[in-house]
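Inside the fold
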Amino acid sequence: PFVVNAVAYSPIGVGDNWQSAWRDRPDRYLVDFPLIAASGANTVRLYAPILTTAMLDAAWAEGLYVIPTYGVDGVQLECADGKAFMQDRFVEYVDQWKDHPAILSWMVGNEVNRNLGAADLCLDWYPQLDAMAAAAHTAEGTAFHPIGTATADVGQLSDVCIPSCSDDLALPNVDLWGVQIYRGCSF
């Protein structure tokens, strides 16, 4: 068993927009990772893709594991070519970083259920998530890392565990769920 004490990490500077977090920011993580480790955390979840080995090395040097998020574009979920492209890029991403000791697990998408566009939750997103997880597990070989997703709470947790759509039987290759709940000071 491993208890994850994590910080959701997106290094956005004062006055920067959210896209600045998608750059390699050693000026930020070389300062932040020691502080995060000193707080008692053992993991950082990145909302941006890994950009350099130096970032992973810096986390590992502080005893921090990393959970990177692979971004999902709802437009790509609307057609077979987009889904194939997305899966191929995710497998390349996993292949590139799977052997780094800082990698704890993979997150596919962030709040995709809120950003589907014309795609359907049960016909497009969740089958694609499971297919991507299966392909990544195959690519990893013996370097197994759990694969999950982070779902947005949109007033209720109705997107999680829909029979034959997002339940465990429909997603046999997905190892974990994250649910991001925005309900104020209390659950």
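So, here is what we can say about the structure in this document.

Rules used in this analysis
Residues numbered from 1 in each chain as written. Predicted model: local features only at pLDDT ≥ 70, side-chain atom pairs only at ≥ 80, totals over all residues. Heavy atoms only, no water. Phe/Tyr/Trp six-rings, centres within 6.5 Å; stacked < 30°, edge-to-face > 60°. Helix = DSSP H or I, 4+ residues; strand = E, 2+ residues; numbered from the N terminus. Buried < 20%, exposed > 50% of the residue type's maximum accessible area, 1.4 Å probe, protein only. Salt bridge = Lys/Arg side-chain N within 4 Å of Asp/Glu carboxyl O. Polar contact = N/O pair within 3.5 Å; in protein donor to acceptor, adjacent residues only side chain to side chain. Contact = heavy atoms within 4.5 Å.

Brief notes about the packing of aromatic side chains
- In this structure the tally under the stated criterion is nine aromatic pairs.
- Aromatic side chains Tyr-29 and Phe-33 sit 5.5 Å apart centroid to centroid with 25° between the ring planes, which places their arrangement in the stacked category. Taken together, the residues span about one helical turn, with Tyr-29 and Phe-33 both in helix H1 (residues 26–38) at a distance of four residues.
- Measuring from centroid to centroid gives 6.1 Å for Trp-125 and Tyr-126, while their planes differ by 40°, and the two rings are tilted.
- On the basis of relative accessibility, which here comes to 0%, the residue Tyr-126 falls in the buried class.
- Three or more aromatic residues link up through ring pairs in this structure, and these residues are Tyr-70, Phe-90, Tyr-93 and Trp-106.

Structural notes on the pattern of salt bridges
- Under the definition given, this model contains six salt bridges.
- Measuring nitrogen to oxygen at the nearest pair gives 3.6 Å for the salt bridge that ties Arg-25 to Asp-16.
- For Asp-16, a relative accessible area of 34% translates into the label partly exposed.
- In this structure, Asp-27 engages Arg-25 in a salt bridge whose closest nitrogen and oxygen atoms are separated by 3.2 Å.
- Where salt bridges share partners, they join Asp-16, Arg-25, Asp-27 and Arg-28 into one cluster.

Quick word on the side chain of His-100
- The topology assignment puts His-100 in the loop between helix H3 (80–97) and strand S5 (106–110).
- Judged by relative accessible area, which is 13%, His-100 ranks as buried.
- A polar contact is formed between the side chain of His-100 and the backbone nitrogen of Ala-102, at a distance of 3.0 Å.
- When residues no more than four places from it in sequence are discounted, the contact partners of His-100 are Thr-53, Leu-56, Asp-57 and Trp-60.

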